[in-house]
Amino acid sequence: PIDIRDALKASLLPLSTDIKPTPLAFGLDGPTFAVPYQPGSWITINEGRYEVKAFHFHHPSEHTVNGKHYPMEAHMVLRREGSDHNNAVMGVFIDVGNANAMLDQFWGQLPRDKTKKVESVQVNVGGLLPADKAYYMYEGSMTTPGCTQGVRWFVLKHPVQASQEQIDTFVGDFSEGQTNNRPIQPTYGRVVVEN
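Residues numbered from 1 in each chain as written. Predicted model: local features only at pLDDT ≥ 70, side-chain atom pairs only at ≥ 80, totals over all residues. Heavy atoms only, no water.

Just checking my understanding: could you explain the overall build of the chain for this structure?
When helices and strands are counted, the chain shows 2 helices and 16 strands. Every one of the 195 residues in the chain was classed for burial, and the buried ones make up 49%. Carbon together with sulfur atoms contributes 49% to the accessible area of the chain, which is approximately 9100 Å² in total. The average position of the 17 basic charges and that of the 21 acidic charges among the side chains of the chain differ by 4 Å. (Helix = DSSP H or I, 4+ residues; strand = E, 2+ residues; numbered from the N terminus. Buried < 20%, exposed > 50% of the residue type's maximum accessible area, 1.4 Å probe, protein only. Areas by Shrake-Rupley, 256 points an atom, 1.4 Å probe, with all protein chains shown as cover. Lys, Arg positive; Asp, Glu negative; His and termini not counted. Charge placed at Lys NZ, Arg CZ, Asp CG, Glu CD.)

Below, the structure written as structure tokens:
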């Protein structure tokens, strides 16, 4: 993750989605849990069509904007159509505010206890996206162990809200009070663009 500042304005195409509900399941993704996504949900962005493969959360946000962290950041792991590996991630900042209806669908089942029974429920990560889908874009790497290079990042400019109680549930139930974000990395000359 990087500190986003001084982004170059560019004529990037708008983001569109066709995201369907998926059965709730939990797996591990380095320092956080991941919810795997069934095939068939897509995000089209900047002339690329990406399938949603999984989503997960970090506390506090991994990216910063002009040095500012948000309480949480959601990541949607994406695979470009025709590719055989995950090669893009969409980041969504989560700020303190009203309770988040999408998180309410499963937030009480966070997998601190690996044997915890998961109730049968469908979740739709598309419900986590803000109404205004303007975004930053840059080339980087995965932020979970392995830190695979060659990953295109789309970080949405506008945060969504979650209640303080929802944020506290993640911090307490899953990460047991610890942070699970990777530290900010140097940009090494990479260019960040924004639409």
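What is the right way to look at the packing of aromatic side chains in this model?
Both the distance between ring centres and the angle between the ring planes are used here to describe each pair of aromatic rings. According to the stated counting rule, one finds 15 aromatic pairs in the structure shown. Consider the rings of Tyr-135 and Phe-154, whose centres lie 5.9 Å apart with planes at 80 degrees: the pair is edge-to-face. Taken together, the residues span a long stretch of sequence, with Tyr-135 in strand S13 (residues 135-141) and Phe-154 in strand S14 (residues 149-156) at a distance of 19 residues. Residue Phe-154 is classed as buried on the basis of its relative accessible area, which comes to 0%. Put simply, the rings of Phe-26, Phe-33, Tyr-37, Phe-55, Phe-57, Phe-106, Trp-107 and Phe-170 pair up and form one aromatic cluster. The aromatic ring of Tyr-136 is capped on one face by Lys-157, whose charged end is 5.6 Å from the ring centroid. (Phe/Tyr/Trp six-rings, centres within 6.5 Å; stacked < 30°, edge-to-face > 60°. Lys NZ or Arg CZ within 6 Å of the ring centre and 35° of its normal.)

Can you help me understand the environment of Glu-139 in this one?
Mapped onto the fold, Glu-139 is located in strand S13. A sequence separation of 72 residues divides Glu-139 from Gly-67, and the C-alpha atoms of the two residues are 19 Å apart. With near-sequence residues (within four places) excluded, Glu-139 lies in contact with Val-151, Arg-152 and Arg-190. Side chain to side chain, Glu-139 and Arg-152 meet in a polar contact 2.6 Å long. (Contact = heavy atoms within 4.5 Å. Polar contact = N/O pair within 3.5 Å; in protein donor to acceptor, adjacent residues only side chain to side chain.)

How do you make sense of the pairing of strand S11 (residues 88-96) when you look at a structure like this?
On a regular strand, one side chain projects to one face of the sheet and the next to the other, so that they alternate. Among the 9 residues in S11, 7 count as buried, and that is most of the element. Judged from the 7 bridges that link them, strand S10 (residues 72-80) and S11 form a sheet pairing that is antiparallel. Of the residues in S11, the one forming a bridge with Met-72 is Ile-94. Note: S11 against S14, 4 bridges, orientation parallel. Looking at S14, one finds that Val-89 is bridged to Trp-153. Relative to strand S15 (residues 160-162), S11 runs parallel, the two sharing 3 bridges. Following the sheet pairing, Asp-95 is matched in S15 by Gln-161. (Pairing = 2+ DSSP bridges.)

I would appreciate a short explanation of unusual backbone geometry in the present structure.
Across residues other than glycine, the phi torsion is negative in most instances, and most of the peptide bonds are trans. The peptide bond linking His-59 to Pro-60 adopts the cis configuration, its omega dihedral lying at -10 degrees. Along the chain, Pro-60 turns up in the loop between strand S8 (48-58) and strand S9 (64-65). Residue Asn-46 is not a glycine yet carries a positive backbone phi of 50 degrees. Counting through the fold element by element, Asn-46 comes out in the loop between strand S7 (42-45) and S8.

Mind showing me how you'd approach the pattern of salt bridges here?
Pairing between side chains of opposite charge can happen when the charged atoms of each approach one another. Within this structure, the stated rule accounts for 6 salt bridges. For Arg-5, the salt bridge goes to Asp-3, with nearest N and O atoms at 2.5 Å. A residue is classified by how much of its surface remains accessible, and Asp-3, at 18% relative accessible area, is buried. For Arg-49, the salt bridge identified is with Glu-81, shortest N-O distance 2.9 Å. With a gap of 32 residues between them, Arg-49 in strand S8 and Glu-81 in the loop between S10 and S11 connect regions that are remote in the sequence. Taking the relative accessible area as the measure of exposure, Glu-81 reaches 46% and is therefore partly exposed. Among the charged side chains, a network of salt bridges with common partners joins Lys-9, Lys-157 and Glu-194. (Salt bridge = Lys/Arg side-chain N within 4 Å of Asp/Glu carboxyl O.)

By themselves these figures say nothing about function.
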